[in-house]
Amino acid sequence: MSKEAGFTWKLGMFVTIGLLLFIATIYFIGKQQNLFGSTFHLKSKFKTVSGLKVGNNVRFSGINVGTVDDISLVNDTTVLVKFKINDDVKQFIKTDAHASIGSDGLMGDKVLTISPGSDSNNAVSDNDLIASTKAIEMEQIMKSVQTTIDNAGLITVELSQFTHNMNNKNGTLSKLLTDDALASSLKSTILNLENFTKKLNNKNGVLSKLTSDEKLGKSMDSTITGLNESVKAAKQNFLLKGYFNKKKKAEAKKQKKLKKEMQKENKENSVNEKITEPNKDTLKVK
């Protein structure tokens, strides 16, 4: 009797524990799928659902508030998604809210996300249709990542080439860094420039006076003006007038000869063009 009583007690405990686990499982699944409590339904249209499935979570402001209830094709470009949401968040979802499809992490399950609308609009009603935004495809993300990787590879190659050129003993940059003779030459050039600048800035220097001394500038202007007047006077002098007139006639004769040569060349070019041009009458007879 004692053995049978012990077996019966163990069997009863096993059945009780199994029943409790079954009830707990049903409760958690039912809570996850909104089987318990008051709910309402919304729907939205998408061009593609990007792998969204029935039972996936619906989030509002980062909180799980419902699940996807149904996904159906309307036509070849439209997919209708229906989802049920806990009734206690209905007052916060406005008629201008937007639905979008995202991922729970980079490679996680798809999630339907509802973006809040403006407070000035009314709350949604049961079975309302809310607007949707285009989902970001994982393929687009991977293409963007691949482009970034390709660009990084290109930059790496260019940096490697730059380093190679810099380390090349025959390169200009390498010589600037390692060639003592070139460095000395550059140093000497810089010193010469510094000396030149010092002399330029020296108030007693000729170049400095030319650029800053007003009296010297006026003297130079006066000298140049005097030279121009002397040349004009020489042209009017009866001893030198014949020389200047002869020079002027020679220049005019030279210009006249050059003009005739150009006219002759233009005339020859015109004759050659007429010879090479096809005869229109001949073309008509043919």
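Residues numbered from 1 in each chain as written. Predicted model: local features only at pLDDT ≥ 70, side-chain atom pairs only at ≥ 80, totals over all residues. Heavy atoms only, no water.

## Some remarks on the packing of aromatic side chains
For clarity, the cut-off: Think of it this way: a Phe, Tyr or Trp ring, Trp meaning its six-membered ring, pairs with another when their centres are within 6.5 Å, and the plane angle makes it stacked under 30 degrees, edge-to-face over 60, tilted otherwise. Counting as a charge over the ring demands two things of the Lys NZ or Arg CZ atom: a distance within 6 Å of the ring centre and an angle within 35 degrees of the ring normal.
Overall, the coordinates contain zero aromatic pairs when judged by the stated rule. A cation over an aromatic ring shows up here: Lys90 above the ring of Phe40, its NZ or CZ 5.6 Å from the ring centre.

## Overview of the pairing of strand β5 (residues 98-103)
Filter applied, for reference: Here the rule is simple: two strands pair whenever DSSP picks up at least two bridges between them. Secondary structure elements follow DSSP: runs of H or I of four or more residues count as helices, runs of E of two or more count as strands, with numbering from the N terminus.
Pairing between β5 and strand β6 (residues 110-115): six bridges, direction antiparallel. Of the residues in β6, the one forming a bridge with Ile101 is Leu112. Relative to strand β7 (residues 128-132), β5 runs parallel, the two sharing two bridges. Bridge pairing in β7 links His98 to Ala131.

## Focus: a nonpolar patch on the surface
Inclusion rule: Residues enter a patch when their relative accessible area is above 30% and they make no salt bridge; the linking distance is 9 Å between like charges and 5 Å between nonpolar side chains (Val, Leu, Ile, Met, Phe, Trp, Tyr). Where accessible areas are quoted, they stem from the Shrake-Rupley method and a 1.4 Å probe; at the residue level, only the protein chains shown are allowed to cover. Within this document, salt bridges are pairs made up of a side-chain nitrogen of Lys or Arg and a carboxyl oxygen of Asp or Glu, the two lying within 4 Å of each other.
On the surface, Trp9, Met13, Ile17 and Leu21 cluster together to form a nonpolar patch covering roughly 460 Å² of accessible area. When you line up the elements, Met13 lands in helix α1 (residues 2-32).

## Some thoughts on unusual backbone geometry
What counts, and what does not: Any residue under 20% of the maximum accessible area for its type is buried, any over 50% is exposed, and the rest in between are partly exposed; the area is computed with a 1.4 Å probe on protein chains only.
One non-glycine residue, Ser50, lies in the positive phi region at around 55°. Turning to its location among the elements, Ser50 is positioned in the loop between β1 (39-46) and β2 (57-60). Given the relative accessible area of 12%, Ser50 is considered buried. If you check the backbone angles, Ser61 has positive phi at about 55° while not being a glycine. Within the secondary structure, Ser61 is located in the loop between β2 and β3 (63-75).

## Let's talk about the nonpolar core
Worth spelling out the cut-off: Here, nonpolar core means buried Ala, Val, Leu, Ile, Met, Phe, Trp, Tyr and Cys residues that are tied together by side-chain atoms lying within 4.5 Å of each other. Every residue pair with non-hydrogen atoms within 4.5 Å of one another is taken to be in contact.
Counting 22 residues, the largest nonpolar core has Val58, Val81, Phe83, Ile85, Ile93, Leu112 and Ile114 as its most contacted members. Secondary-structure elements contributing two or more residues to this core are β1, β2, β3, β4 (78-86), β5 and β6. The element best represented in this core is β4, accounting for four residues. Those residues in contact with Val58 that sit more than four places away from it in its chain are Ile63, Asn64, Val65, Gly66, Thr67, Val68, Phe83, Ile85, Leu112 and Ile114.

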